[in-house]
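If you want the building blocks of each chain, they are given just below.
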Number of protein chains: 2
Amino acid sequence: MQHNQTFADWAEITPTARIDRDSHGWRAKCLQRLVRLNLPVPPVVALPFSTVRSIAQGWQPDTAAILARFAAGQLVSVRPSSENPDWGGPGTILNIGMNDARHAELAAIHGEDAATSLYLRFVHTYAVHVARLDPDLFEDERPCPGALARALAAFAAESDEPFPQDPARQLADVLRSMARAWEGTSARLLRQAKGAPADAGLGLVVQAMALGVAGPDSGAGLVQFVDGVTGRAQVTGRFRTGMQMPDPVGGDGAMYLTRDPRGPSLEDTHPALFAELTRHGAACRARLRDEMQIEFTVQQGRLWVLDATRAPRSSRAAVRIAVQLAEDGVIDEGEAVMRVQPQALAELLHPQVDPRGPRDVVARGIGASPGAARGRIVFTSGAASASAARGESCILVRRETTPEDIRGMHAAHGVLTERGGMTSHAAVIGRGLGLPCVVGASGLRIDTRANTVTAPDGRIFAEGDILTVDGTRGEILAGAVELLEPALDEAFTRLLEWADAVRDIGIRANADTPADARIARDFAAEGIGLCRTEHMFFEEDRLTAMREMIFADTAQDRRGALERLLPMQRADFIRLFDIMQGQPVCIRLFDPPLHEFLPHGREGLRNLADALDKPLSEITRRAEALAEYNPMLGMRGVRLGITIPEIYEMQARAIFEATIEASRKGAPVVPEIMIPLVSARREVELVKARIDAVAAAVRVQRGARFEYRLGVMVETPRAALRAGEIALHCDFLSFGTNDLTQMTYGLSRDDAGRFMSTYVQQGVYPEDPFHTLDVDGVGELLHIAADRGRAARDGLTLSICGEHGGNSESIAFCRAARFDYVSCSPFRVPVARLAAAHLALADRARDAAMGGESPAAR
Amino acid sequence: MQHNQTFADWAEITPTARIDRDSHGWRAKCLQRLVRLNLPVPPVVALPFSTVRSIAQGWQPDTAAILARFAAGQLVSVRPSSENPDWGGPGTILNIGMNDARHAELAAIHGEDAATSLYLRFVHTYAVHVARLDPDLFEDERPCPGALARALAAFAAESDEPFPQDPARQLADVLRSMARAWEGTSARLLRQAKGAPADAGLGLVVQAMALGVAGPDSGAGLVQFVDGVTGRAQVTGRFRTGMQMPDPVGGDGAMYLTRDPRGPSLEDTHPALFAELTRHGAACRARLRDEMQIEFTVQQGRLWVLDATRAPRSSRAAVRIAVQLAEDGVIDEGEAVMRVQPQALAELLHPQVDPRGPRDVVARGIGASPGAARGRIVFTSGAASASAARGESCILVRRETTPEDIRGMHAAHGVLTERGGMTSHAAVIGRGLGLPCVVGASGLRIDTRANTVTAPDGRIFAEGDILTVDGTRGEILAGAVELLEPALDEAFTRLLEWADAVRDIGIRANADTPADARIARDFAAEGIGLCRTEHMFFEEDRLTAMREMIFADTAQDRRGALERLLPMQRADFIRLFDIMQGQPVCIRLFDPPLHEFLPHGREGLRNLADALDKPLSEITRRAEALAEYNPMLGMRGVRLGITIPEIYEMQARAIFEATIEASRKGAPVVPEIMIPLVSARREVELVKARIDAVAAAVRVQRGARFEYRLGVMVETPRAALRAGEIALHCDFLSFGTNDLTQMTYGLSRDDAGRFMSTYVQQGVYPEDPFHTLDVDGVGELLHIAADRGRAARDGLTLSICGEHGGNSESIAFCRAARFDYVSCSPFRVPVARLAAAHLALADRARDAAMGGESPAAR
């Protein structure tokens, strides 16, 4: 029984021992792999989770039996081995087995200093981490015999017993202290915060130590074979003599690995050893199927490999490493795709603040749109445009942005706002434009009269001063900081090609402008899923015509103003169609309330009265009459289309004329026209009848043929519920999940910021539903609408557009519901393509597992 | 074949003839009933719908055969008999059979004048309505031989043939012209507008005419046995000698029926005849089971009954007649209940403009809250309060009202606004207060500086001038018009008691104030279904404390302000509980956004800064920070309850302390507490935990026991979808259909007015969904929520509150969905009680019919 128990209690790691990650931990498993590769791993014994748990509860292992597995007098280390390296664990303890006798032996062979250094360090470690004595009593001293005597005396005085001399007793104490540390409350909370389950186990490995202190041909080091920032092949790392274990930070006395003009290198001093290390690295890469970082020690010229872990890497390095491994045949393309987290791609798309440079943080806010930009501060959209005209880069600083700031945002290189959250106007538009953006920097004080911004520490920045916006981390840095350029290189392109090969749901982009469309095209979006036409009306000459239309007294006058807009709209659409080269373009008809097009303040209204040659009192009265209590729920979308039909008629004509024009030059275009804010079937019938009539008229007038597809943007709960009858009149339904979320929750995106953080913190909502699709509520409406729409009409195209479109969770939802595509902002397209591929591959792996086959070996 | 066909073509009305309302029309059926009662009905032949349709298509009936059924030389009339008297039809044509020969005969017997009068009138009618000649040629002249000759000559000249002398030809022409008139487009459109189906048929009756012109003992009259305005028993009507048919308007030479000091009466001059008439009236009432209006003629002292139709009656008369018939055992109580339309009750609840008086209409708008009121014009809430303090009645005139006008509306007797629709603030609150209200009187121009209102015709009314608001008809009348007082008499009470006996769904009232609660109690509401607590905070002293609470810097300061509100809230609830005498009271926790409590404009903010002793800049800044883009979708309801928990804690404490107090004095109170604007289960859990804690604390502090019920106001689509998990934490769900409609449609009630009329006119929405519950969309969410809620929790109470609650359609929906009660504004309670009874009785009748039994005879 005792013997059996002992057999299960621990095992020497051999190629055939039963060592599993979920019983012995990642380090034990990794060491076994190295053993199987015939790497020179020092002898090592693994204690499984169950044993460590028993030790924590008071059971005493037969440590003498464990030590009997090693050479007599062998010093050993104990290191933690939980299931996941991220979960932490107690620190490694080295040099177990040091005692007065071993000290004397080693001093005789390697000298007094080396031996004393080892013993002194062990006494310190044992006293503090095992015996839990006051660390102040064991302050580091230079290793000398006097220091050792003082330490041993201090230990005896504090613990009422001499320092333990029996290695078995030492090992038992170390194991017990590490086992108990794992069970401590704070350790448990820390690892649970990183995703560990409540009953996560700790394994321990007891490993023979090479003596890195044994003279100039001894030491310890760390090596990896790629650059952690770029992912390109390059040997990096450090070696230091006189060390028992590699020091990850490097430090004094470190030696280069490869030949280097700055100092001595391992390649120079021990070429055979360096060659052996390189061989081991290649073996690890080939057999462990990843770029590894190897810990090694050298004892009197002999190499020992202590451990090999996944080489740390930046996002861009991760992409290159995965692609290179696949191209070398080490992993297959699917696995390369799975090796890169979709979210990580966002970092590659924009310039980033170089992590190696200094950071003078002026203020913190919410990183609402990733990437970094530097430029001179401007406080108005006009100043931003002027700056862009001079070819200078600028940062637009505003309390908050409004639709009138669109032009300024186009001109700026970065945006900083005092107010707002992840779903504020600045954040949403910033992400759409791929513009680095920090919002909600509430510590800032913006003085719009003096044109200054005051930091929380009192520093004042004036217009023209230079700031750097770090939209990835949500920080504002003083001055122009060094940036890393985007990494849209061949590795990036290759990885996404592989992703597309397995992806099974379409990815389109939301694109309102030719610039957006070009980005969408560059990122291989399969068309435009949402082109919001209203942004087209904010340009100077158009805004004037819009305002004339709004203040027209008759349908006739309204048509007159719209006729001036027609050629501009047509040109917009021709450009979009040209860029998209025959890919589908889904154009949403005019949506926002008309008052968004009116100037603010008395001065603006006076100018407008002058421009329209009408009395100010009339302009003011009509502007007031257009004001709304709840614009989100007011006179907009199809409600405008029904009550002022001339707007949609003009837009339909512009779309059809552009269709004819673009089809003449290139691939035939089949435009998609989408009706916003529908809540009743009859709205669709009425608008469809008018658009059909315009199409018929254009066909006759131009003597041309074209087709188009009509669809509905499902944004109201009622449209979702009535999707069955609505689908009878359309070719597609696209879910506008932003508005649908607003209405399902009764929650305005613009106003939710005031309490959303409280709500998420208190767990009232598990996540901000504007950020992560609410599967339970909004998702049910999507399912209802999809089911009813499909039942009513075969071949109905289904999709979502809006901010949720690019999220992995939303894509998973849409795949499960068999939607045709998701549409997201252009800069989210690569992320969405990769996320969709991950989901498809995960499904395949699950299917394979269910079918009895094992998924591709990990 | 011809004979058979003729047999079906027409029938003499006898007690056993096959005459049906759906084949021969209402008049033919009614006449048969009179024949069956042995009333002296002149012989009459009925032509069914099918015959009249054939005639219109050109088939010629054998009119000689019809006339052969009458005495030789008998004059006849033809009158329309469609299925429903409201659907109209061609006018009656009298004296068919008059020709030169008959003229000579009658002249010999009754004198030249009488005979000429009959012939001349027939020629005129025939020329204009049958031969379609120009009416100008046949202008009324005094009957004299010269006029007759001129008329006959004009006829011959215009129609190229002499006036037809053959009675059979005359009758054939009359029948054809009436049959064709019914098929005319305008006649069809008119009757379809009144609900007639497209294929509605016309029957015709040919009736022998008594000679009312046959001297002083001949004439025609109309009698009814109740007062049409009050419904009390009273013989009313007119009799006039020398008339062929009764003239409904009376006119010169009319005689009273009963003895009257103002002139001769039938009772005086022909007492036997009057007695016979009275007997017939009683027979009709008993056997036709309603109060009838009898048309009669007298020929040389002999009485003929031409027709008996339902006596016209006001709403209040309808109630009294139905109750009296039931009390006399003529009909049963259920039928009495069914005889009164629920909507008609609304007229009884409020003073009405006396229909008999003159109407000087100043402006028209939407009658948003029924009833009439007269008073001096005031333009501000302050002036309304001052006016009420002086004991003067006033009419509050505003562009539109806001929550701050509540006090003014309480003080006013009527409200008039320039803007808004049926669901504007003024309309909703006006209906809630039972305050006559006209909104959307957009022809008016209100000058708030001069304090005048200008009518569309240019008349100017200044502050202090007197107007009358007719909220029933949506009109504003100049001066103080005569009013009829409300008719909440014993007949009204009795009818509603009978309604309650069959009603099978609860009716509660929405009541915010003691005055509301008293009305609810008087109208026998079964509790309060919605008590909105926020109105309680608009009174002067409370508003100050509210504002202090809003601007408090710490939870501590907030609690301080709320502690001052606590005793006031407690007193509010004690009063409500006292009035409701143990009936359930459902109190909705604080709901509106805080900015509703802030003053408007710079002056108001300055005063507030003074009052709170804070700098104006801070007040302004914080007021701006509280402003919202979409207040409807913002920081209100349970979102306030979660983020500023002190408010709900204060309210819960006030409710519980009031519960203890009120239970000590009277019936034990079990308050119901309702959480507004819920969108997630966790909101309910958090608020419930806090309220439970307050309840526990109050129980300990006061050493008292009490229970309470907690529920959720389902106002967001998400709450409806997630009702299953929400119901786990509550005792009841009450649907706030106003907000639920807003969110399901994505449509703000306050902003919808701008296009709702267009939408309803174009049939985009069949009805204003804020007025009539949208069964397809909102209704589905109600069903989903009810099903899931019930499945999750046995005995869950379900109800709707809000504007829809009192509508018959909504009650029908709620009965079908087995809801426990509906709650509506106090003045809708009687209407709702009656409507619910109607639905229950209709169900019983249908069940009886399905079971093979016939429902109670009609």
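Cut-off values and rules
Residues numbered from 1 in each chain as written. Chains lettered and ligands numbered in written order. Predicted model: local features only at pLDDT ≥ 70, side-chain atom pairs only at ≥ 80, totals over all residues. Heavy atoms only, no water. UniProt positions renumbered as here; feature names shortened; annotations may be inferred. Helix = DSSP H or I, 4+ residues; strand = E, 2+ residues; numbered from the N terminus. Contact = heavy atoms within 4.5 Å. Buried area = accessible area lost by both parts, 1.4 Å probe. Salt bridge = Lys/Arg side-chain N within 4 Å of Asp/Glu carboxyl O. Buried < 20%, exposed > 50% of the residue type's maximum accessible area, 1.4 Å probe, protein only. Domains from an automatic or database assignment. Expected span 1.5 Å × (residues − 1). Least-squares fit on C-alpha atoms with pLDDT ≥ 70 in both. Core = buried A, V, L, I, M, F, W, Y, C linked by side-chain atoms within 4.5 Å. Axes fitted to C-alpha atoms, helices over the stretch in contact; angles between N-to-C directions. Left-handed = near helix turned anticlockwise from the far one by under 90°. Nonpolar A, V, L, I, M, F, W, Y, C, P; charged D, E, K, R; others polar. Patch = residues over 30% accessible without salt bridge, like charges linked within 9 Å, V, L, I, M, F, W, Y side chains within 5 Å. Areas by Shrake-Rupley, 256 points an atom, 1.4 Å probe, with all protein chains shown as cover. Lys, Arg positive; Asp, Glu negative; His and termini not counted. Charge placed at Lys NZ, Arg CZ, Asp CG, Glu CD. Parallel < 35°, antiparallel > 145°, perpendicular 65-115°, else oblique. Pairing = 2+ DSSP bridges. Phe/Tyr/Trp six-rings, centres within 6.5 Å; stacked < 30°, edge-to-face > 60°. Lys NZ or Arg CZ within 6 Å of the ring centre and 35° of its normal.

Under an unreviewed UniProt entry, the name given to chain A is Pyruvate, phosphate dikinase, and the source organism is Rhodobaculum claviforme. Per UniProt, chain A carries the Cofactor (unreviewed entry) text "Mg(2+)". Its UniProt record, at the heading Function (unreviewed entry), says of chain A: "Catalyzes the reversible phosphorylation of pyruvate and phosphate."

Overview of the environment of Gly506(B)
All names here are of chain B. Within the fold, Gly506 resides in strand S23 (residues 506-510). Taking the C-alpha atoms as reference points, Gly506 and Val822, separated by 316 residues in sequence, lie 6.3 Å from one another. Not counting the four nearest positions on each side in its chain, Gly506 is found in contact with Glu526, Asp820, Tyr821 and Val822.

Concerning the interface of chain B and chain A
Taken together, the contacts link 48 residues of chain B with 48 residues of chain A. When the buried surface of chain B facing chain A is broken down by residue, Tyr629(B), Leu633(B) and Arg754(B) rank first, second and third, together holding 15% of it. At the surface where chain B touches chain A, the tally comes to 6 salt bridges. For the salt bridge of Arg788(A) with Glu780(B), the shortest nitrogen-to-oxygen distance reads 2.4 Å.

Overview of the UniProt feature "active site" (unreviewed entry) in chain A
All names here are of chain A. Following the UniProt record, the feature "active site" (unreviewed entry) maps to His425 and Cys801 here. By secondary structure assignment, the location of His425 is in helix H18 (residues 425-433). Along the chain, Cys801 falls in strand S30 (residues 797-801). Judged by its relative accessible area of 0%, Cys801 is buried.

Quick notes on the domain arrangement of chain A
Examined at the domain level, chain A breaks down into domain 1 (7-208), domain 2 (219-313), domain 3 (351-484), domain 4 (508-535 + 566-592 + 637-709) and domain 5 (715-824). A separation of 34 Å is found between the C-alpha centroids of domain 3 of chain A and domain 4 of chain A.

Quick look at the UniProt feature "domain: PEP-utilising enzyme C-terminal" (unreviewed entry) in chain A
In this numbering, the UniProt entry assigns the feature "domain: PEP-utilising enzyme C-terminal" (unreviewed entry) to residues 491-839 of chain A. The distance separating the terminal C-alpha atoms of residues 491-839 of chain A is 21 Å; by composition the span is 56% helix and 11% strand.

What about helix H26 (residues 645-665) of chain B?
End to end, H26(B) covers 31 Å across 21 residues, agreeing with the expected 30 Å (1.5 Å per residue, within 8%). Among the 21 residues of H26(B), 15 are classified as buried, and the element is accordingly described as predominantly covered.

Focus: the relation of the copies chain B and chain A
Superposing chain B onto chain A takes a rotation of 179° combined with a translation of 0.1 Å along the rotation axis, leaving an RMSD of 0.4 Å. Between the two chains, the operation in question is that of a two-fold axis. In terms of C-alpha distance to the rotation axis, chain B has Asn630(B) as its closest residue, with the C-alpha 2.1 Å off the axis. With an isologous cut-off of 70% or more, the 100% of interface residues of chain B that recur at the interface of chain A puts this contact in the isologous class.

Some remarks on the nonpolar core
Counting 298 residues, the largest nonpolar core has Phe656(A), Phe819(A) and Phe656(B) as its most contacted members. Ignoring any residue separated from it by four or fewer positions in sequence, one finds Phe819(A) in contact with Ile505(A), Phe735(A), Leu782(A), Ala786(A), Arg790(A), Leu798(A), Ser799(A), Ile800(A) and Cys814(A). Residues Val45(A), Ala107(A), Val174(A) and Trp182(A) belong to the second largest nonpolar core, which totals 57 residues.

Observations regarding the packing of helix H22 (residues 555-580) of chain A against helix H26 (residues 646-665) of chain A
All names here are of chain A. H26 packs onto H22 with a crossing angle of 30° between their chain directions and a minimal axis gap of 7 Å. Crossing geometry of H22 relative to H26 is assigned as right-handed. When its residues are assigned to classes, the contact of H22 with H26 shows 13 nonpolar, 3 polar and 10 charged.

Notes on the pattern of salt bridges
Residues and elements named next belong to chain B. Considering all chains together, one arrives at 135 salt bridges over all chains under this definition. With its nearest N and O atoms 2.9 Å apart, the salt bridge here joins Glu161 to Arg169. A relative accessible area of 30% means that Glu161 is categorised as partly exposed. A salt bridge links Asp512 to Arg532; the shortest N-O distance between them is 3.1 Å. Of the two residues, Asp512 is situated in the loop between S23 and helix H20 (514-522) and Arg532 in strand S24 (residues 528-532); the sequence distance between them amounts to 20 residues. Judged by relative accessible area, Asp512 falls into the buried class, the value being 6%. The exposure class of Arg532 is partly exposed, given its relative accessible area of 24%.

Some remarks on a negative patch on the surface
All names here are of chain A. Taken together, the side chains of Asp134, Asp136, Glu139, Glu158 and Asp160 present a region of like negative charge at the surface. Its location among the elements puts Asp134 in the loop between helix H7 (112-130) and helix H8 (145-159). Residue classification places Asp134 among the partly exposed residues on the basis of a relative accessible area of 37%.

Regarding the packing of helix H7 (residues 112-130) of chain B against helix H9 (residues 167-183) of chain B
Residues and elements named next belong to chain B. Their axes nearest at 10 Å, the elements H7 and H9 cross at an angle of 45°. Between H7 and H9, the angle falls in the class oblique. You can see that H7 and H9 cross each other, and the crossing is left-handed. Of the residues in H9, those touching H7 at Phe122, Tyr126, His129 and Val130 are Arg169, Gln170, Asp173, Val174 and Ser177.

Describing the sheet that holds strand S17 (residues 445-447) of chain B
Residue and element names in this part refer to chain B. Taking strand neighbours across the sheet as the criterion, the 3 strands line up as S17-S18-S19 in an open arrangement whose pairing is antiparallel. Only two strands of the sheet have a single neighbouring strand rather than two, namely S17 and strand S19 (460-462). Direction aside, neighbouring strands of the sheet carry axes that sit 20° apart on average. As paired elements, S17 and strand S18 (residues 452-454) share 3 bridges and run antiparallel to each other. Across the sheet, the residue bridging to Arg445 is Thr454, located in S18.

Description of the sheet that holds strand S13 (residues 372-378) of chain B
All names here are of chain B. If you walk across this open sheet you meet the 8 strands as S11-S21-S20-S13-S14-S15-S16-S12, and the pairing is mixed. With partners counted over all chains shown, the strands left at the sheet margins are strand S11 (361-364) and strand S12 (366-369), one partner each. Here the average twist between neighbouring strands, direction ignored, is 30°. Here strand S14 (residues 394-398) pairs with strand S15 (residues 414-417) via 4 bridges, running parallel. If you follow Ile395 over to S15, its bridge partner there is Gly414.

What about the packing of aromatic side chains?
Residue and element names in this part refer to chain A. Inspection of every chain in the model, using the stated rule, returns 36 aromatic pairs over all chains. With centroids separated by 5.8 Å and ring planes inclined at 5°, the aromatic side chains of Phe239 and Phe296 adopt a geometry described as stacked. Here the residue Phe239 occupies a position in strand S7 (residues 233-241), and Phe296 occupies one in strand S9 (residues 292-299), the gap between them amounting to 57 residues. Classification of Phe296 as buried rests on a relative accessible area of 0%. Through successive ring pairs, a cluster of aromatic residues spans Tyr119, Phe122, Tyr126, Phe155 and Phe163. In this structure, Arg191 is placed above the aromatic ring of Trp182, and the distance from its NZ or CZ to the ring centre is 3.7 Å.

Focus: the side chain of His838(B)
One can find His838(B) in helix H34 (residues 829-850). When near neighbours in sequence (up to four residues on either side) are disregarded, His838(B) contacts Val337(B), Met338(B), Val340(B), Gln341(B) and Pro342(B).

Observations concerning the pairing of strand S29 (residues 732-736) of chain A
All names here are of chain A. Taken across its 5 residues, S29 has 5 buried, putting it largely inside the fold. The alternating pattern of S29 places Phe732, Ser734 and Gly736 on one face and Leu733 and Phe735 on the opposite face, and all of these are buried. Judged from the 4 bridges that link them, strand S28 (residues 709-714) and S29 form a sheet pairing that is parallel. Looking across to S29, one finds that Val714 is bridged to Phe735.

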